[in-house]
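Survey of secondary and tertiary structure
Chain residues, written in single-letter form:
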Amino acid sequence: MPDSPNTPNPPRKKGSAKPTSGSKPSAGGKRPSASQGPSKPPRPRRQSAKTKRRLGRVKKILLGFAAMVLLGIVVLAGVAYFVDIESLKAPLIQKLSDASGMKVEIDGLAYDFHDGFGLKADGVNIESLDGKEKFVSAKSLFVHVYLMPLLAGKVDVKTIDLIQPVVTVYLDKKTPAEGEVEDKKTDDAESQTVVNTIRDTFFNFELAIRNIGIEQGRVYLIKRRNGKAVDQQMMRVSGVTQISRPNREQLNLTLDDISIRLGKLHLQGDIVVREVLTKTAVLEARLKLGSFSAKDLKNIYFFFPEDPSETFAAYAPQGNIELLQLEFKAPLDSLENGDAFHGQSDIAAHVIGNAISFRAAGRRFPIDHMDSQVAWRKSNLNHNLKLQVGAGSVHQQGDVRFPDNDAPPVLNTTLRLNNLELNRLGFPEVSKWAQGLVSGTLQLTGPASLNAMTANASLSGDELLITPPDMQIPLGRWQADAALKERNLHSTLKVTAFGGEVTQKGDLTFPASDKDAWMLDSTVSLTRVDVTQLPIPKAAGIHQGTLSGTVDATGPADDPDKLTYQASLVGDDFRLTVKDLDNMALPIQRVDANATLKGRTLRSTIKAAVLNGELTQDGDIILPDSSKKNSVTELDSNFKLKSLDLSQVKWPMDWGLIRTVLSGNVKATGPLAINRIKLRGTLQGEKMVLTPKDHHFSIQDAIVKVNSKPPKVPVTLSFKLTKVNAKGYPFNRITGEVALPKDKVVLSRSAFVPPNGTLGIKGVYNTAKQKYDFSFGGKGLSIEDYEKKHLKGIMKFVGTLKGDIPKKGPATQGLNGDLQLLVTEGSLKELGAVKAILTILNPTALQKLSDKGLLFDRMGGTFQIKKGVVTTPQVGLEGKYLKVYLKGTANLNTEKLDMHGKALPMGDLDKILQGVPLLGKLVAGSKTDEGLVETYFALEGSFSDPKVDMETAKSIIAKPKRILETLGDLLTGGAVTGK
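Residues numbered from 1 in each chain as written. Predicted model: local features only at pLDDT ≥ 70, side-chain atom pairs only at ≥ 80, totals over all residues. Heavy atoms only, no water.

Once that is clear, we can look at the overall build of the chain. Within the chain, the secondary structure is distributed over 12 helices and 47 strands. Counting over 979 residues, the chain shows a buried share of 35%. Of the contacts formed within the chain by residues at least 6 apart in sequence, a portion of 47% connects residues at least 24 apart. Approximately 58,600 Å² of the chain is accessible, and the part contributed by carbon and sulfur atoms is 56%. (Helix = DSSP H or I, 4+ residues; strand = E, 2+ residues; numbered from the N terminus. Buried < 20%, exposed > 50% of the residue type's maximum accessible area, 1.4 Å probe, protein only. Contact = heavy atoms within 4.5 Å. Areas by Shrake-Rupley, 256 points an atom, 1.4 Å probe, with all protein chains shown as cover.)

So this is what it looks like as structure tokens:
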């Protein structure tokens, strides 16, 4: 209880006149002032008999009224003198206790003559009958009573005024103890209703009180759980209550000038309940909630069954409500009978708000101004909602009628949008995928069911931006119309988009029962759409092209496996870039595509005018089954190529110009994976020219046969190339077979047929580990077919290469293998390092050989390769004029030579010595393969410019020593050398 201020004057009765400070005499009744001088006496007037009689009656009435006033004063004085005030205390307490059904206590009682005759009670308390709970306390209680009963010691209350009352209301909730079952037993429903409780309370209320005034009251609402207070809320209350009870069966209750303050929320108005005790009781209310902000709504959290603070915090409402007004009229009993309330109540509400906003979907949705009016009258709801959102507006107006039976509501409403920004609509789903302006109307009429409702919509807008995840799709002018009737939604859409036009027309039929499906029959048409503006991933590599045609969708919309799509599309002037082929540019002049998708099977026929030829596809594509984890796309299609001119392709610069006319056909079946797909077909190329990195390759005809039967047979390419010229090296034909198992390229066989001889290669290249293992051989090969300037002869060889491609350094670092080489019936046309040897050994022979070259009978040797270093134990050249033998290394990584050898000239002197055996043996020594002068030398330096250095000491000393050894053997019979 707050400290009690000075006792205020009791409130004035409603409807009484305001007190005045004095009365003004009328203008005609003013007395003249002394300064005005003497006035002229009035002119005498003769009165008639009728006038005299009228004046006499007025005098009698005035005398009677004065007597009544005097009598009233005498009676009041007599009551105050003769009736003991304390004797009235007990009857007043009893009267109030009987009326309220509670225990009433009054500390003091006195007469009060403010605003009439009455009693003033101080220290008023109203408690439960057992005295455990105090419900009402008031500083002062003014009771205006009827005078005549008071003379007999009875108290009949006329009005009551409560000054600064404090009312406590307990809201109890019992929580069952652990293991206890909550008692759900209920009494008769009729006797437990709130309305009957009010009616029973007032039935025993015997007072007929003109006014019960409440001034500066406070109401404390206390929530208790198992008898313990857990929360409370205080309201400030003022107002006047009138209770009229003409007889025992009739009672009217009026609450005037209600004022309830709950924090910053201020509710004002009037409430009237007529005929409270009868079944025809009617409740009327006129209430108004003053201006408040959204944050002030926290004051009503107390009245929710569960704490709503988290819900409010999630939406974070903001803004100001300038007006909330409610008018209500309904039978009292209908408050607890939904059907009766719908049919008999009248409600009118008006709400005005400004700068309203709320948060949803991670963003805030603002409404600049709201004006909403709702009227409910006998099961009909009339609504008129106006919203100002940015530069646009929303206006919704119409009626909803609720039938008395279980039939659905009947609609007659219209929604109008004007330049509304889609992302400010307040619908998070819309804001996530669309931005732009929309205008139009939506009309709903008829019962609110798909079978009976009719809906018509017409919407349009400009500069619409569709924003699905990680994508932006700009649209221009668009117009959408839709009509719903008898479960069928017919829609049309026309959009200026993607540099062309997109239209949609079709029907969606809603199911009549849960067993039926949503049936779709819709057509989308494209007209000159720029494919570069479509939401196609950049990885597709489409840089140019237009698309026209139609896409039809028919079947059950909620069952994708049974929905059928049919497409007929035409594309013109496409330009593609194939990223996996070093961004190779591929032009396509025209594409005609027809496809049908039903379930996961796509049946398609594609005809493309490409590269001055034609590419067609005909067959099925089976899409993955989303219900299976490892399901992949499968093919069963035929591909045909007809006269494709590959010179029209813009190949990568490193590839050089590729020219050929390609034809063929390939059938593909099975999973779309290189190690699982089955391929069979033939490709044929004509007049093929390749010039990678300034090298020139030409092929007159090429035939490639494709075959694969996974998993046993991987993709296999059998090829036959005719009239091949590779960097100037001619081949009549090249044949072979390449298999492509996973991470490998297997050359199982090959045959290279130049103008002379044959050459074969086979082996494996591991693409994952970049390792290789090849073997090769050749015979009957004419060196002149490949090298005419330096060397001629017939060559055969055999060898192996095995190694890997290192990540750093030259590729030859990982090269290993061996080689055996033999060239017969040949000649060295440009002598190079041999010329330096011949200059020393036989200058005359050199002069004779300069025009023909150095003829030799055979040349060859064996070679071992390890990590790019070639080692030979001996490589030799044997011919008419010279024998040369070498051994050493050639480093392919550094392109350096480090070799040592010996050379023996075979000139005229040798012929003479051969004619005289004894002399020849003496001069030549014991070695038959040595000439007169045997020369040793070193071959060093780069591959491009080798250097020859004579080993003089070794050449001069070794020969005389062997001559002396031979002479000794001739004289002694071999005793010197033991031979």
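Picking up after the structure, the text goes on.
This paragraph deals with the nonpolar core. Ranked by internal contacts, the top residues of the largest apolar core, which has 48 residues, are L475, F498, V610 and L611. What F498 contacts, discounting residues up to four positions off in sequence, is I473, L475, R528, V529, D530, Q533, L534 and P535. (Core = buried A, V, L, I, M, F, W, Y, C linked by side-chain atoms within 4.5 Å.)

With that out of the way, let us pick up the confidence of the model for the chain. Residues with a pLDDT of 70 or more make up 69% of the chain, whose mean pLDDT is 76. Contacts for the low-pLDDT stretch residues 1-42, under 50 throughout, to residues beyond four places or in other chains number 34 contacts. Across residues 908-932, where pLDDT falls below 50, the model places 35 contacts with residues more than four positions away in sequence or in other chains. (pLDDT = per-residue confidence, 0-100.)

Using the criterion set out here, one finds five aromatic pairs in the structure. Taking 4.9 Å as the distance between ring centres and 70° as the angle between the ring planes, the aromatic pair formed by F510 and W518 counts as edge-to-face. (Phe/Tyr/Trp six-rings, centres within 6.5 Å; stacked < 30°, edge-to-face > 60°.)

This part covers the pairing of strand β30 (residues 613-622). Bridging between strand β29 (residues 601-610) and β30 involves 10 bridges; their strand directions are antiparallel. Among the inter-strand pairings, A609 is bridged to a residue of β30, identified as E614. In textbook terms, the turn of a hairpin is the stretch between consecutive antiparallel strands, and for β29 and β30 this stretch comprises two residues, one of which, L611, has a positive phi near 55°. Pairing between β30 and strand β31 (residues 634-645): nine bridges, direction antiparallel. Paired with T616 across the strands is K640, a residue of β31. (Pairing = 2+ DSSP bridges.)

Scanning the model with the defined rule gives 16 salt bridges in all. Between D462 and R477 there is a salt bridge, with its nearest N and O atoms 3.1 Å apart. A residue pair is termed long-range when its members are at least 10 positions apart, and D462 in the loop between β20 (454-461) and β21 (464-466) and R477 in strand β22 (residues 473-485) qualify at 15 residues. With relative accessibility at 39%, the residue D462 sits in the partly exposed group. R603 is paired through a salt bridge with D620; the nearest N and O atoms lie 3.2 Å apart. Of this pair, R603 sits in strand β29 while D620 sits in strand β30; the two residues are 17 residues apart in sequence, bridging distant segments of the chain. (Salt bridge = Lys/Arg side-chain N within 4 Å of Asp/Glu carboxyl O.)

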